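Each chain, letter by letter, is given below.
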Amino acid sequence: EPEETPALRFVPYAPSAASPERIPWLPTANTYQTVFAMARELGVRACAVIGFDLAALQTNFLAPMMTAVLEKGCELVMPVYALGKFDGLLNSSIYAPLTRALYGRRVRFPLAPDFCLSSTMIPELELALQRAIAQGQSTFWPATEAAIRDCTICQVNVETRHLPPADGVDLTTVLSQTVGSLYADMTTHAALWQRIRGAQAVETLGVPGAPPADGAPADTTPMLETFQLGFRNLQEVWSLVLPPVTLLELKRLARPSTARFHLPDELWVRIIYDFALAYRLRTISRAHLLGALTPLYLGWVASYALEVGNCGAAEAEQRLEKLARAYEEGKPYLLSRWRWPDRFNP
């Protein structure tokens, strides 16, 4: 009640209707647009966005995040979550390393549900959101928007942990909406990211939290079976997207007799880059394209799980850093494919 919390002012807010196919824990661009408009009208100095499950309010989240904006002058502050080695693998295998290679900032969680930003960013973000909505995009990438504007980005180690809902949306839907949005941003900002070389670290504040204890070993059998089934059923689709040399490598990996399954970093990076080009060129329906990525992603997860199953959290972190460097080192391949797509066609 207001009389019991005199330091807080509650502002009524009516969320816009979400598509039934929308990922329930991922706010839409319309939601961010409304929140930023409210922040601008209130004349705030900083705006904090917290995740769908309010986990950030159960930890010391707001103080260090807002301090980075109000006292250190950071224009965008992103969290660094302490995750287990099998947590957040979509982020670790695609979101973070791809945005890092494209836009030159080493942000660990570019699609984090929690972040803080300075009021100086709000007007430009409102314009960016208007353009995104007009283009039919509904996912907002705060770190990307800050990077393309050369804003000061900081990270803060936080204790917050978001637990995915047990009745979550299927993997193909998540890939379609998040990776599809990331690919759409690549097309929009192609002139910018093609000029960026390398990636710079961003200042990280606070003490890293202890990762949660490892749970049960990952069962890779269903993942590998899905990967092998995908190879049998999706060769026609993959052949429209991937060069022949990549298809040959996938054929070798799909053999049932493979004793030690391992999907090399360089191969995975080329796959993600080739799918980005196919998304841009509309080689096939974008929905079918991103659906065809699902078994390949599960193949990567199986490979990673087999490799780090007996490793500690620090070793797993080093393994993911190696993958992120492979994205940076593979960027010339993306540039060549993007500029001269016909050169690589079979």
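**Student:** I tried to follow the state of the cysteines on my own but got confused; where do I start?
**Tutor:** Where two cysteines share a covalent bond between their sulfur atoms, that bond is called a disulfide. According to the stated counting rule, one finds one disulfide in the structure shown. Sulfur-sulfur distance for the disulfide between Cys74 and Cys154 comes to 1.9 Å. For the disulfide bridge between Cys74 and Cys154, the dihedral angle about the S-S bond is near -65 degrees, and by the sign convention the bridge is left-handed. In this pair, Cys74 sits in the loop between α2 (62-70) and β2 (76-81) while Cys154 sits in strand β4 (residues 153-158), placing the two residues 80 residues apart along the sequence. Summarising the burial analysis for this pair, Cys74 and Cys154 share the class buried. Not engaged in a disulfide, the cysteine Cys47 finds its nearest cysteine sulfur in Cys116; these two sulfurs lie 7.8 Å apart. The thiol of Cys151 is not disulfide-bonded; the next cysteine sulfur, from Cys74, is found 11 Å away. Judged by relative accessible area, which is 8%, Cys151 ranks as buried.

**Student:** What is the right way to look at the packing of helix α3 (residues 89-103) against helix α6 (residues 171-188) in this model?
**Tutor:** Helix-helix packing is described using two parameters, namely the angle between the two axes and the distance between the axes. Interhelical geometry of α3 versus α6 gives an angle of 5 degrees and a closest axis separation of 11 Å. As judged from the angle between their axes, α3 and α6 are roughly parallel. Residue-level inspection shows Leu90, Ile94, Tyr95, Leu98, Thr99, Leu102 and Tyr103 of α3 in contact with α6, the latter providing Leu171, Val174, Leu175, Thr178, Val179, Leu182, Tyr183, Asp185 and Met186. In terms of residue class, the contact of α3 with α6 is made up of 13 nonpolar, two polar and one charged.

**Student:** Can you help me understand a nonpolar patch on the surface in this one?
**Tutor:** Together, Leu54, Leu57 and Leu62 make up an exposed nonpolar region whose accessible area comes to about 260 Å². Relative to the helices and strands, Leu54 resides in the loop between β1 (46-49) and α2. For Leu54, a relative accessible area of 44% translates into the label partly exposed.

**Student:** Even after reading the chapter, I still don't get unusual backbone geometry, so can you show me in this structure?
**Tutor:** As a rule of thumb, non-glycine residues mostly have phi less than zero, and peptide bonds are mostly trans rather than cis. A positive phi is found at Leu54, a non-glycine position, where the angle reads about 60 degrees. A positive phi is found at Asp150, a non-glycine position, where the angle reads about 55 degrees. By the secondary structure assignment, Asp150 is in the loop between α5 (142-148) and β4. The exposure class of Asp150 is exposed, given its relative accessible area of 61%.

**Student:** What is the right way to read the packing of helix α11 (residues 265-281) against helix α12 (residues 286-308) from this model?
**Tutor:** Interaxial distance between α11 and α12 falls to 10 Å at its minimum, and their mutual angle equals 175 degrees. One way to sum up the angle between α11 and α12 is to call them roughly antiparallel. Here α11 contributes Trp268, Ile271, Ile272, Phe275, Ala278, Tyr279 and Arg280 to the contact with α12, which in turn contributes Arg286, Leu289, Leu290, Ala292, Leu293, Leu296, Tyr297 and Trp300. Per-class residue counts for the contact of α11 with α12 are 13 nonpolar, no polar and two charged.

**Student:** Help me understand the nonpolar core, please; the structure alone is not making it clear to me.
**Tutor:** Taken as a class, soluble globular proteins show a tendency for nonpolar side chains to be buried jointly. In terms of nonpolar packing, the biggest core is built from 108 residues, with Phe36, Ile94 and Phe275 touching the most fellow members. Here this core takes twelve residues from α12, the largest share from any one element. Among all residues touching Ile94, those that are not within four sequence positions of it are Thr99, Leu175, Val179, Trp268, Ile272, Tyr297 and Tyr327.

**Student:** Explain the packing of aromatic side chains here, please?
**Tutor:** Aromatic rings in a pair are described by how distant their centres are and how their planes are angled relative to each other. Enumeration over the complete set of coordinates arrives at 17 aromatic pairs. Between the aromatic rings of Tyr95 and Trp141, the centroid separation amounts to 5.6 Å while the plane-to-plane angle is 80 degrees, which identifies the pairing as edge-to-face. Of this pair, Tyr95 sits in helix α3 while Trp141 sits in the loop between α4 (122-134) and α5, and the two are 46 residues apart along the sequence. In this pair, the class of Tyr95 matches that of Trp141, namely buried. Between Tyr297 and Trp300, the ring centres sit 6.4 Å apart and the planes meet at 20 degrees, which makes this aromatic pair stacked. A residue pair is termed a helical-turn pair when its members lie 3 or 4 positions apart in one helix, as Tyr297 and Trp300 do in helix α12 at three residues. Each member of the pair, Tyr297 as well as Trp300, carries the same accessibility label: buried. By way of ring pairs, the aromatic residues Phe86, Trp268, Tyr297, Trp300 and Tyr304 are connected into one cluster. Across the ring face of Tyr279, the terminal group of Arg286 is positioned such that the distance to the ring centre comes to 3.9 Å.

The rules behind each value
- As a convention, each chain's residues are numbered from 1 in the sequence order in which they are written.
- Note on the predicted model: pLDDT of at least 70 is required for a residue's local features to be given, and 80 or more for side-chain atom pairs to be given and counted; whole-chain, interface and lining totals, by contrast, use all residues.
- Values shown for side chains rest on all heavy atoms present in the structure; no hydrogens or waters enter the calculation.
- Only a pair of cysteine sulfur atoms within 2.5 Å counts as a disulfide in this structure description.
- Elements are defined by DSSP. Helices are runs of H or I of four residues or more, strands are runs of E of two residues or more, and each kind is numbered from the N terminus.
- Burial classes: relative accessible area under 20% of the type maximum marks a residue as buried, over 50% as exposed, and values in between as partly exposed (1.4 Å probe, protein chains only).
- Think of each axis as a best-fit line through the C-alpha atoms, taken over the contacting stretch in the case of a helix, with angles from 0 to 180 degrees between the N-to-C directions.
- Note on angle classes: values under 35 degrees are labelled roughly parallel, values over 145 roughly antiparallel, values of 65 to 115 roughly perpendicular, and the remainder oblique.
- Contact definition: two residues touch when any of their heavy atoms are within 4.5 Å.
- Ten residues, namely Ala, Val, Leu, Ile, Met, Phe, Trp, Tyr, Cys and Pro, are considered nonpolar, four, namely Asp, Glu, Lys and Arg, are considered charged, and the remaining ones, Gly among them, are considered polar.
- Put simply, a patch holds well-exposed residues, over 30% relative accessible area, that have no salt bridge, with like charges counted together within 9 Å and Val, Leu, Ile, Met, Phe, Trp or Tyr side chains within 5 Å.
- Here the Shrake-Rupley method, with its probe set to 1.4 Å, supplies the accessible areas, and only the displayed protein chains count as covering residues.
- Within this document, salt bridges are pairs made up of a side-chain nitrogen of Lys or Arg and a carboxyl oxygen of Asp or Glu, the two lying within 4 Å of each other.
- Take the buried residues of types Ala, Val, Leu, Ile, Met, Phe, Trp, Tyr and Cys, join any two whose side-chain atoms come within 4.5 Å, and each joined set is a nonpolar core.
- Pairs were defined over the aromatic rings of Phe, Tyr and Trp, the Trp ring being its six-membered one, requiring ring centres within 6.5 Å. Orientation was assigned from the angle between planes: stacked under 30 degrees, edge-to-face over 60, tilted for the rest.
- Cation placement over rings: the criterion is NZ of Lys or CZ of Arg within 6 Å of the ring centroid and within 35° of the ring normal.

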